[in-house]
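A look at the structure
Chain by chain, the residues:
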Amino acid sequence: MFVRGLKRKCFDGEEDIEGTLAGIKAIPSYNLQRQSLLDMSLVKLQLCHMLVEPNLCRSVLIANTVRQIQEEMTQDGTWQMINTQSTGQASLDRLVSTDILCRSSREQAEGKHVPGYSTFNKDFEGDQTQDSSETMSTASSVQAPRNLQSNVWEMENPQENKGNFQKSLDQIFETLENKSPNSVEDLFSEVDNSYYDLDTMLTGMMSNTKMGHCEGLETFSSPSTTTSNSNCKSDLNELDHIVEILVES
Amino acid sequence: TADIISTVEFNHTGELLATGDKGGRVVIFQREPESKNEPYNQGEYNVYSTFQSHEPEFDYLKSLEIEEKINKIKWLPQQNAAHSLLSTNDKTIKLWKITERDKRPEGYNLKDEEGKLKDLSTVTSLQVPVLKPMDLMVEVTPRRIFANGHTYHVNSISVNSDCETYMSADDLRINLWHLAITDRSFNIVDIKPANMEDLTEVITASEFHPHHCNLFVYSSSKGSLRLCDMRASALCDKHSKLYEEPEDPSNRSFFSEIISSVSDVKFSHSGRYMLTRDYLTVKVWDLNMETKPVETYQVHDYLRSKLCSLYENDCIFDKFECAWNGSDSVIMTGAYNNFFRMFDRNTKRDVTLEASRESSKPRAILKPRRVCVGGKRRKDDISVDSLDFTKKILHTAWHPTENIIAIAATNNLYIFQDKVNSEMH
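Residues numbered from 1 in each chain as written. Chains lettered and ligands numbered in written order. Predicted model: local features only at pLDDT ≥ 70, side-chain atom pairs only at ≥ 80, totals over all residues. Heavy atoms only, no water.

Regarding unusual backbone geometry
Residue and element names in this part refer to chain B. For clarity, the threshold we go by: Segments assigned H or I by DSSP are reported as helices when at least four residues long, segments assigned E as strands when at least two residues long, and all are numbered from the N terminus.
Unlike most non-glycine residues, Asn148 shows phi in positive territory, near 60 degrees. Among the secondary structure elements, Asn148 is positioned in the loop between strand S10 (130-146) and strand S11 (156-159). The backbone of Thr410 sits at a positive phi, close to 55 degrees, despite the residue not being glycine. Along the chain, the position of Thr410 falls in the loop between strand S30 (404-409) and strand S31 (412-417).

Some thoughts on the sheet that holds strand S13 (residues 173-178) of chain B
All names here are of chain B. Note the threshold: In short, DSSP must find at least two bridges between two strands for them to pair. In this analysis an axis means a line fitted to C-alpha atoms, helices contributing only their contacting stretch, and an angle means the value between N-to-C directions, from 0 to 180 degrees.
The strand order S11-S12-S13-S14 describes an open sheet built from 4 strands, whose pairing is antiparallel. At either margin of the open sheet sits one strand with a lone partner, and together these are S11 and strand S14 (186-190). For this sheet the average axis-to-axis angle between neighbouring strands, irrespective of direction, equals 20 degrees.

A closer look at a nonpolar patch on the surface
All names here are of chain B. How we decide: Distance thresholds for patches are 9 Å for like charges and 5 Å for nonpolar side chains (Val, Leu, Ile, Met, Phe, Trp, Tyr), applied to residues having over 30% relative accessible area and no salt bridge. We get accessible surface area from the Shrake-Rupley algorithm with a probe of 1.4 Å; when it comes to residues, only the shown protein chains can shield them. For this document, the term salt bridge refers to a Lys or Arg side-chain nitrogen within 4 Å of an Asp or Glu carboxyl oxygen. Relative accessible area decides the class of each residue, using a 1.4 Å probe on protein chains only: under 20% of the type maximum gives buried, over 50% gives exposed, and in between gives partly exposed.
Taken together, Leu110, Leu117 and Leu120 make up a surface patch of nonpolar side chains, about 370 Å² in accessible area. By the element assignment, Leu117 lies in the loop between strand S9 (93-106) and S10. The exposed category is assigned to Leu117, whose relative accessible area is 72%.

Brief notes about the pairing of strand S7 (residues 72-75) of chain B
Residues and elements named next belong to chain B. Burial along S7 is two-sided: the face carrying Lys72 and Lys74 and the face carrying Ile73 and Trp75 are both buried. Pairing analysis gives 4 bridges linking S7 to strand S8 (residues 83-88), with the strands arranged antiparallel. The residue bridging Trp75 from the neighbouring strand is Leu85, located in S8.

Description of helix H4 (residues 56-76) of chain A
Residue and element names in this part refer to chain A. To keep things clear, this is the line we draw: For a helix, the expected span equals 1.5 Å multiplied by the number of residues minus one. Here a polar contact is taken to be a pair of N or O atoms separated by no more than 3.5 Å, where protein atoms must pair a possible hydrogen donor with a possible acceptor and residues adjacent in sequence count only if both atoms sit in side chains.
For H4, built from 21 residues, the straight-helix expectation of 30 Å at 1.5 Å per residue is met to within 8% by its first-to-last C-alpha distance of 30 Å. In terms of burial, H4 is a largely internal element, 17 of the 21 residues being buried. With a side-chain oxygen positioned 3.1 Å from the backbone nitrogen of Cys57, the residue opening H4 is Asn55. Backbone geometry just downstream of H4 places Gly77 in the positive-phi region, at approximately 85 degrees.

Quick word on the sheet that holds strand S18 (residues 241-243) of chain B
Residues and elements named next belong to chain B. Reading across from one edge, S15-S16-S17-S18 is the order of the 4 strands in this open sheet, with antiparallel pairing throughout. Edge positions in the sheet fall to strand S15 (203-208) and S18, since each has one partner strand and no second. Between one strand axis and the next, the sheet turns through 20 degrees on average, direction left out of account. Relative to S18, strand S17 (residues 225-229) runs antiparallel, the two sharing 3 bridges. Bridge pairing in S18 places Leu225 opposite Tyr243.

Re the domain arrangement of chain B
Residue and element names in this part refer to chain B. Stated precisely, the cut-off is as follows: As annotated, the domain borders come from an automatic or database domain assignment. We call two residues in contact when some of their heavy atoms are within 4.5 Å. Summed over both partners, the accessible surface that disappears when two parts come together, traced with a 1.4 Å probe, is what is meant by buried area.
Under the domain assignment, chain B is made up of domain 1 (151-233) and domain 2 (244-418). Between the C-alpha centres of domain 1 and domain 2 there is a distance of 25 Å. Contacts between the two partners involve 18 residues from domain 1 and, on the opposite side, 19 residues from domain 2. Both faces considered, domain 1 and domain 2 share a buried interface measuring about 1400 Å² in area, 64% of it formed by carbon and sulfur atoms. Taken together, the links from domain 1 to domain 2 amount to 0 salt bridges. Taken together, domain 1 and domain 2 are joined by 6 residue pairs in polar contact (both at pLDDT 80 or more). When residues of the side of domain 1 that touches domain 2 are traced back to their parent elements, those giving at least two are S15, strand S16 (215-220) and S17. The element that contributes the greatest number of residues to the side of domain 1 that touches domain 2 is S15, accounting for 5 residues.

Focus on the environment of Ala169(B)
Note on placement: Ala169(B) falls in strand S12 (residues 165-169). With relative accessibility at 0%, the residue Ala169(B) sits in the buried group.

So, the confidence of the model for chain B
Rules: A residue's pLDDT is the predictor's confidence in that residue, given on a scale from 0 to 100.
Confidence along chain B averages 92 in pLDDT terms, with 96% of residues attaining 70 or more. Both confidence scores are given for the complex: pTM 0.71, ipTM 0.91.

Notes on the nonpolar core
Rule in force here: What is meant by a nonpolar core is a set of buried Ala, Val, Leu, Ile, Met, Phe, Trp, Tyr and Cys residues, joined one to another through side-chain atoms within 4.5 Å.
Residues Tyr279(B), Val282(B), Leu303(B), Leu310(B), Tyr311(B), Ile316(B) and Ile331(B) are the most contacted members of the largest nonpolar core, which totals 54 residues. Those elements giving two or more residues to this core turn out to be helix H3 (26-46) and H4 of chain A together with helix H1 (256-260), strand S20 (273-277), strand S21 (281-286), helix H2 (307-312), strand S23 (322-324) and strand S25 (339-344) of chain B. Sorting elements by how many residues they give to this core places H4(A) first, with 9 residues. Viewed by domain, this core spans two of them, domain 1 (151-233) and domain 2 (244-418) of chain B, each represented by three or more residues. If we ignore the near neighbours within four places in the chain, the residues touching Tyr311(B) are Leu37(A), Met40(A), Ser41(A), Lys44(A), Ile62(A), Thr65(A), Phe255(B), Ile258(B), Ile316(B) and Phe317(B). Among the nonpolar cores identified, the runner-up in size contains 16 residues, and Met332(B), Met342(B), Trp398(B) and Ile407(B) belong to it.

Structure representation (structure tokens):
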């Protein structure tokens, strides 16, 4: 569809030179750029829960960007490749957590099935109480060629929790429009308490998450990208914790 | 940071200029009448009134704050001695009435000057109270509060040409209100999907047509415009016309959609055209041509190669406004480094000017600025890398008939006047 050479223009000027000089490295470095952009976008989505209601327009635009990258990676076939690499795993795990955390801004259509990729729901059904990211890591290393992403959306029990979470939010949205004093108690009773824990966790997490790793995108061949992975790993641990809270509730 | 100006709006005559800020305050400036005695004091704007429009609120249900920041102010056409305006934050729209008091009654029979009851035994004759002049007092009172109409954040309000109704738009819905009725509104646009996971597009701005009270336009985050006719159906989900420019495949990148998102839409005074602002351009659309804009102007194309950095620091999500001059011949919009740009549609000339204390002394002429992108660099050029992205001019307004512009630069308001009906240089 798109010529790789043209694509490189979407990142800042310097990369063009580095890309042409590093002839053989050209293709993986584009993937690295794209991966960094995906990482950055996921971090941005995670930061969407603040004291003030998140900007919906911004969240939707970022979610659309994530979807575009994923679509391209799927079509490239690099989505499969990345499953076996450590960088890919980290981002996919975070992708799971991001979906759980920022449901309202996520754009993924569950109905979308990429041909050739199968689901493995039943592997996860029994793992209700386990940390879902750990399960994901195990699954991805075992089933390398599969599309991890579409399977994530079909995890049964976390899915229900996500469904309830979203349902609560939607109900809140709907009811707010017909706000009447009598229904306030009803509204409170429908709210999932885990939502409030989530807010506290995220507020604490925000101060830890650094945007600095995105500087790697400017000079993609520099070692700063490896630092980004370790930052991602520590974020990942905190996100594991949050996912635990949601899944257990 | 409560002083950061968040909206600027002239009234229909240009006599008054209202600004709203992040702290929920509204400041109204009034233009001094031009006097022959002081020819240099031609029509300067001075503070007329200041009031607290919105207060911060807390939504206990969502555990979220509702900001008091004033997103938009729109003036109602003046119908009597009083002025009225609508101001809105993310959730609540308020109608304010501004009146002047310059006389007060004196000489009551039962009360003395301070209002205390007189000792009746001292009253020997009756007098008729007389109106005496007093220092001008401007009183602002809230006349209507339009609350609970929006689940999402209100980004636009627009008064209809019928002067009886107005609309308010949030990310997913547009409501029609009657100015006299606060307990209900009509939903005229709803783009909320049944499943929020399917959400890919939001409403970014909307405006009523200046002459046709049944027409309005709204813009989206995907760069499209929809012109709707309220006579066609109660719920205007089906647009009458969809204005969309096909994507340029040679410029395609992961940021294409974000930079195509329309941050502002304004009808021309004539009602024949619409002006839109997206991240890098301003475009003029002819209402009769849906396939592409009739004119496109580059605001800061040198940023095209920096989109990734601008995405990282969130600047790519900045929402710039745009404005027409009174005759629809010149369009204006803000940029970074406290620069703002003007484009003359007839001569096709454009100019970059700066709003800053250093370069703007009273009655000094603004010097055109230039951003150099490599190659020859002139003396006062600024290089792209030294642009200050924290100094952004998001809000600008043009006087309805004269060449007077109001520029909001963070927490400073600049008002520039052009004495000569000059062309761009």
